[in-house]
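Coordinates in review
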Amino acid sequence: MYMDAVVFAGIATVLLMVAFFVGVGVFVMRDQKSHGVEQQAKDLKAGGKPV
């Protein structure tokens, strides 16, 4: 396969998008672990239904 600047830019773009979505996923999982139980207890106390 012929490798030029456009191919390298495309590969770099895909890798950056994958890294971004992995980072968002890690952030969401850490945030859920740190706030999940507190928020669930607060919702139940306020009369909300558990999901």
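Quick note: structure is the one above.
These notes cover the structure that comes with them. (Residues numbered from 1 in each chain as written. Predicted model: local features only at pLDDT ≥ 70, side-chain atom pairs only at ≥ 80, totals over all residues. Heavy atoms only, no water.)

1. Considering the overall build of the protein
Per the secondary structure count, the protein includes 1 helix and 0 strands. Relative to the 2.2 N^0.38 estimate, which gives 10 Å for 51 residues, the radius of gyration of the protein is 20 Å and therefore markedly larger than a compact globule would have. Here the C-alpha coordinates of the protein stretch approximately 60 × 15 × 10 Å along the principal axes. Among the 51 residues that make up the protein, the fraction classed as buried is 2%. (Helix = DSSP H or I, 4+ residues; strand = E, 2+ residues; numbered from the N terminus. Rg over C-alpha atoms; globule rule 2.2 N^0.38 Å. Buried < 20%, exposed > 50% of the residue type's maximum accessible area, 1.4 Å probe, protein only.)

2. A word on a nonpolar patch on the surface
Taken together, Val14, Met17, Val18, Phe20, Phe21, Val22, Val24, Val26, Phe27 and Val28 make up a surface patch of nonpolar side chains, about 950 Å² in accessible area. Structurally, the position occupied by Met17 is in helix H1 (residues 5-45). (Patch = residues over 30% accessible without salt bridge, like charges linked within 9 Å, V, L, I, M, F, W, Y side chains within 5 Å. Areas by Shrake-Rupley, 256 points an atom, 1.4 Å probe, with all protein chains shown as cover. Salt bridge = Lys/Arg side-chain N within 4 Å of Asp/Glu carboxyl O.)

3. A few points about the environment of Gln40
Mapped onto the elements, Gln40 comes out in helix H1. Once the C-alpha coordinates of Gln40 and Val28 are considered, the two residues, 12 residues apart in sequence, prove to be 16 Å apart.

4. Section: the environment of Tyr2
Within the secondary structure layout, Tyr2 lies in the segment before H1. Each C-alpha atom, one on Tyr2 and one on Gly36, is 49 Å from the other, the two residues being 34 residues apart in sequence.

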